[in-house]
Amino acid sequence: MTHARAERAALCDLLDRIGPDAPTLCTGWTTYDLAAHLVLRERRPDAAAGIALRPLAGYTASVQNGLKAKHSFPELVAMVRTPGGIYGLLPFADEAVNTLEYLVHHEDVRRAQPGWEPRELPADLDQLIWKRLSVGARLMLRRSPVGVILHRLGGGVAIGGAQEGPKVEVTGKAGELLLFCFGRQQHARVDLTGDEDAVARLLNATLGV
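Attention in this report is confined to the structure presented alongside it. Because the structure is predicted, anything quoted here is derived from the model rather than measured.

Rules used throughout
- Numbers given for residues are sequential positions, taken from 1 along each chain in its written order.
- Totals for whole chains, interfaces and linings use every residue, but because this is a predicted model, local features are given only for residues with pLDDT of at least 70 and side-chain atom pairs only at 80 or more, for both listing and counting.
- To obtain the side-chain values, all non-hydrogen atoms of the structure were included, while hydrogens and water were left out.
- The numbering of helices and of strands both runs from the N terminus, where a helix is a DSSP run of H or I of at least 4 residues and a strand a run of E of at least 2.
- Should any heavy atoms of two residues lie within 4.5 Å, those residues are considered in contact.
- Lines are fitted to the C-alpha atoms to define the axes, a helix being fitted only along its stretch in contact, and any angle between axes, read from their N-to-C directions, falls within 0 to 180 degrees.
- For classification, angles of less than 35 degrees are called roughly parallel, those exceeding 145 degrees roughly antiparallel, those between 65 and 115 degrees roughly perpendicular, and all remaining angles oblique.
- Handedness of a helix crossing follows the sense of rotation of the near helix relative to the far helix, less than a right angle counterclockwise being left-handed and clockwise being right-handed.
- Polar here means any residue other than Ala, Val, Leu, Ile, Met, Phe, Trp, Tyr, Cys and Pro, which are nonpolar, and Asp, Glu, Lys and Arg, which are charged; Gly is therefore polar.
- Note on exposure labels: buried denotes an accessible area under 20% of the residue type's maximum, exposed denotes more than 50%, and partly exposed covers the range between, all computed with a 1.4 Å probe on protein chains only.
- Each C-beta atom gives one direction from the helix axis, and the arc is the one those directions make.
- Identification of polar contacts relies on pairs of N or O atoms within 3.5 Å, with a donor-acceptor requirement for protein atoms, meaning one able to donate a hydrogen and the other able to accept it, and with residues adjacent in sequence counted only if both atoms are side-chain atoms.
- Here, a salt bridge means any Lys or Arg side-chain nitrogen found within 4 Å of an Asp or Glu carboxyl oxygen.

A few words on the environment of Ala112. Along the chain, Ala112 turns up in the loop between helix H7 (91-110) and helix H8 (123-140). In this structure the C-alpha to C-alpha distance between Ala112 and Thr24, which are 88 residues apart in sequence, comes to 5.0 Å. Excluding anything up to four places from it in sequence, Ala112 contacts Pro23, Thr24, Leu25 and Glu107.

This is the structure we're talking about:
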């Protein structure tokens, strides 16, 4: 099983277990909303553009709400469980695009529940995360108001954020650094070193793709 499939299956198992009304780290979304988002992303390409493009966000939200109105929560989770669209036809595309997507959303659900603890990720997944992160750090941190230096425990450094002004060092495992750079700063287990004001500004910045 690929890492994308494993994260997809684990997320769906968790969704089935905790139900449609549980909180997530996605602001304003329950688990029902997240399931509808994932179905839309893979099975409604006409509406998926609004995930990233603000002018189209209204249509995307309308389609997402329509999916919730049309399908029960178990039905949406069942649809998420099986890759849809191009990802169902091309397994390599699923692995390339969805590994980090599903890992982050899996943690969006896990870390919104009481008593969560970080997972110990497989070594090859940790390596994959860092490979992707070291390449994509500048993109994910482009809106940071301060410079950012990522230090991966076990080796590796990546930089991003503002080129001028104060710098903040962020140290942690690859998966935790990924969550931080995806905008889950408050829920990532990392150590931050730098000017107090710069750290506060980074923690409250809008990060991610």
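Bringing the packing of H8 against helix H9 (residues 174-181) into the picture now. One can describe the packing of H8 onto H9 by two numbers: an axis separation of 9 Å at closest approach and a directional angle of 30 degrees. Here H9 runs roughly parallel to H8, going by the angle between their axes. As H8 runs across H9, the sense of the crossing is left-handed. Between H8, through Asp126, Ile129, Trp130, Leu133 and Met140, and H9, the contact on the second element is made entirely by Ala174, Gly175, Leu177, Leu178 and Cys181. Taken together, the residues that form the contact of H8 with H9 break down as 8 nonpolar, 1 polar and 1 charged.

Time to look at helix H10 (residues 196-203). Taken together, the buried positions of H10 are occupied by Ala198, Val199 and Leu202. Down the axis of H10, the buried side of the element spans an arc of 100 degrees, and every buried residue falls inside it. Contact partners of the buried residues in H10: strand E1 (147-152), strand E3 (167-172), H9 and strand E4 (191-193). Taking the backbone nitrogen of Asp197 as reference, a side-chain oxygen 3.0 Å away marks Asp195 as the first, capping residue of H10.

All told, the structure shown has 17 salt bridges when counted by the stated rule. For Asp94, the salt bridge is made with Arg8, and the minimal N-O distance between the two is 2.9 Å. Placement of Asp94 in helix H7 and of Arg8 in helix H1 (residues 3-18) is noted, with a sequence separation of 86 residues between them. Asp94 sits in the buried class, given a relative accessible area of 2%. The shortest N-O distance in the salt bridge between Arg189 and Glu117 comes to 3.7 Å. Remark: Glu117 occurs in the loop between H7 and H8 and Arg189 occurs in the loop between H9 and E4; sequence separation between them is 72 residues. Exposure remark for Arg189: the relative accessible area of 43% places this residue in the partly exposed category. Because the salt bridges share partners, they merge into one network encompassing Glu7, Glu107, Arg110, Arg111, Arg119 and Glu176.

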